[in-house]
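Examining the three-dimensional arrangement
The chain contents come next:
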Amino acid sequence: MHVQIVLFDGFDPLDVIAPFEAFSAGGSCSGGAVTVELVSAEGPREVVSGAGALALRATAALDPDRPGLVLVPGASGRVGEPGEVPDQEAGGDGEWHQDEFIPVLLGRTLTSALPGLLQAAMDNPQVTMTTVCGGSLVLAMAGLIEGRYATTHHMGLGMLEATGVRAVRARVVDDGDLVTGAGVTSGLDLGLYLLEREVGPQIAHAVEELFAHERRGTIWRPQGAAPIAF
């Protein structure tokens, strides 16, 4: 199983590093059954995160034809107070600026080649699309997951619903070829679950032991009996 983790300007570092570590460890304890790389829509380049000056290097361009997983992280930036309106002047020159609102950073991905590449990847039956935190909002704003079940950070669930997505308040949501994680730290749980789903529970358990971390919550799936409201 090959995993492509997408970097874009302003990405959240933990959204990337947590699943990267999980997949990398999964590859080590499975004899190379899992491989992972950092990619961008533009190809190899240094990509600056939203957390100060921290940057990671994408070593390749996102390849939508390559079988495996594609993971889209969220962004790190200003959250703002309820009702606060993002400064429309921020980033008005088309460049990324630190300290911007997270929705602005996520929305800027729509002006790149990323949405087209993600659409092509989702059209590939050999690709499973995955996200952490605001990564599902990138897909939603691009119109790629309307009607699908997905989650995101709890502060973004309303925005997710506004795009026609069936937002679920759960840590990890498995909707077949779309698997999404909620808040930032859910990236580790998402990585461990995907190792279990795609490679097997023994590999996932070994990584859990290595990281001294147990997954939280039940994986939500659109199946089984629906609960009666309390």
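Being a predicted model, the structure only gives us computed values, none of them experimental.

1. Some details on the confidence of the model for the chain
The share of residues in the chain with pLDDT of 70 or more is 91%, and the mean pLDDT across the chain is 91. The model gives residues 81-94 a pLDDT under 50, and that stretch makes 12 contacts with residues more than four places away or in other chains.

2. Describing the UniProt feature "domain: DJ-1/PfpI" (unreviewed entry) in the chain
As recorded in UniProt, the sites labelled "domain: DJ-1/PfpI" (unreviewed entry) are residues 126-196. Between the C-alpha atoms that bound residues 126-196 the distance is 18 Å, and the span itself is 34% helix and 24% strand.

3. Remarks on the environment of Ala41
In this structure, Ala41 sits in the loop between β2 (35-40) and β3 (45-48). Distance in space between the C-alpha atoms of Ala41 and Gly26 is 25 Å, their sequence separation being 15 residues. Discounting residues that sit within four places of it in the chain, Ala41 has contacts with Ala113, Leu114 and Leu117.

4. So, the pattern of salt bridges
This structure, assessed with the given rule, holds 10 salt bridges. Measuring nitrogen to oxygen at the nearest pair gives 2.4 Å for the salt bridge that ties Asp189 to Arg171. Taken together, the residues span a long stretch of sequence, with Asp189 in helix α6 (residues 186-198) and Arg171 in the loop between β9 (166-167) and β10 (172-174) at a distance of 18 residues. By the burial criterion, Asp189 is buried, and Arg171 matches it. As a salt-bridge pair, Asp174 and Arg197 come within 3.0 Å of each other at their nearest N and O atoms.

5. With respect to unusual backbone geometry
Here Cys133, not a glycine, exhibits a phi torsion of approximately 55°, which is positive. Following the sequence through the fold, Cys133 ends up in the loop between β7 (127-132) and α4 (135-141). Take Cys133: its relative accessible area is 9%, and that puts it in the buried class.

6. Notes on the sheet that holds strand β1 (residues 2-7)
The mixed open sheet is built from seven strands, whose spatial order is β5-β2-β1-β6-β7-β11-β10. Pairing within the sheet leaves two strands with one partner each, and these edge strands are β5 (60-61) and β10. With respect to the sheet, helix α3 (residues 114-123) is in contact with β1, β6 (68-72) and β7, its orientation differing from that of β7 by roughly 130°.

7. A word on helix α1 (residues 13-29)
Here α1 spans 24 Å end to end across 17 residues, near enough to the 24 Å set by a 1.5 Å rise per residue. By the burial criterion, the buried members of α1 are Pro13, Asp15, Val16, Ala18, Pro19, Ala22, Phe23, Ala25, Gly26 and Gly27. Near the N-terminus of α1, the side chain that reaches the backbone nitrogen of Leu14, with its oxygen 3.0 Å away, is that of Asp12. Where α1 terminates, the next one or two residues include Gly31, which has phi positive at roughly 70°.

8. As for the nonpolar core
Considering soluble globular proteins, one finds that nonpolar side chains tend to be buried as a cluster. Of all hydrophobic cores here, the largest spans 58 residues; its most connected members are Phe23, Leu118, Met129 and Ile145. Take this core: its biggest share by element is six residues, from α6. Once residues lying within four places of it in the same chain are set aside, the contact partners of Leu118 are Leu62, Val70, Val72, Met129, Val138, Leu139 and Leu144.

9. Comments concerning the pairing of β2
Counting buried positions over the six residues of β2 gives five, a clear majority of the element. Examined bridge by bridge, β1 and β2 share six bridges and lie parallel to one another. By the bridge assignment, Leu7 is partnered in β2 with Ser40. One crossover worth recording links β1 to the parallel β2 by way of α1, and it is right-handed. Examined bridge by bridge, β2 and β5 share two bridges and lie parallel to one another. Bridge pairing in β5 links Val39 to Ala60.

10. With respect to the packing of α1 against helix α7 (residues 201-211)
Viewed as axis vectors pointing N to C, α1 and α7 meet at an angle of 115°, and their least axial separation amounts to 9 Å. When the axes of α1 and α7 are compared, the crossing they make is right-handed. Judged by residue contacts, Glu21, Ala22, Ala25, Gly26 and Cys29 of α1 engage Ile203, Ala206, Val207, Leu210 and Phe211 from α7. Tallied by class, the residues present in the contact of α1 with α7 amount to eight nonpolar, one polar and one charged.

How each quantity is defined
- Residues numbered from 1 in each chain as written.
- Predicted model: local features only at pLDDT ≥ 70, side-chain atom pairs only at ≥ 80, totals over all residues.
- Heavy atoms only, no water.
- pLDDT = per-residue confidence, 0-100.
- Contact = heavy atoms within 4.5 Å.
- UniProt positions renumbered as here; feature names shortened; annotations may be inferred.
- Helix = DSSP H or I, 4+ residues; strand = E, 2+ residues; numbered from the N terminus.
- Salt bridge = Lys/Arg side-chain N within 4 Å of Asp/Glu carboxyl O.
- Buried < 20%, exposed > 50% of the residue type's maximum accessible area, 1.4 Å probe, protein only.
- Pairing = 2+ DSSP bridges.
- Axes fitted to C-alpha atoms, helices over the stretch in contact; angles between N-to-C directions.
- Expected span 1.5 Å × (residues − 1).
- Polar contact = N/O pair within 3.5 Å; in protein donor to acceptor, adjacent residues only side chain to side chain.
- Core = buried A, V, L, I, M, F, W, Y, C linked by side-chain atoms within 4.5 Å.
- Right-handed = clockwise from strand over helix to strand, strands pointing away.
- Left-handed = near helix turned anticlockwise from the far one by under 90°.
- Nonpolar A, V, L, I, M, F, W, Y, C, P; charged D, E, K, R; others polar.

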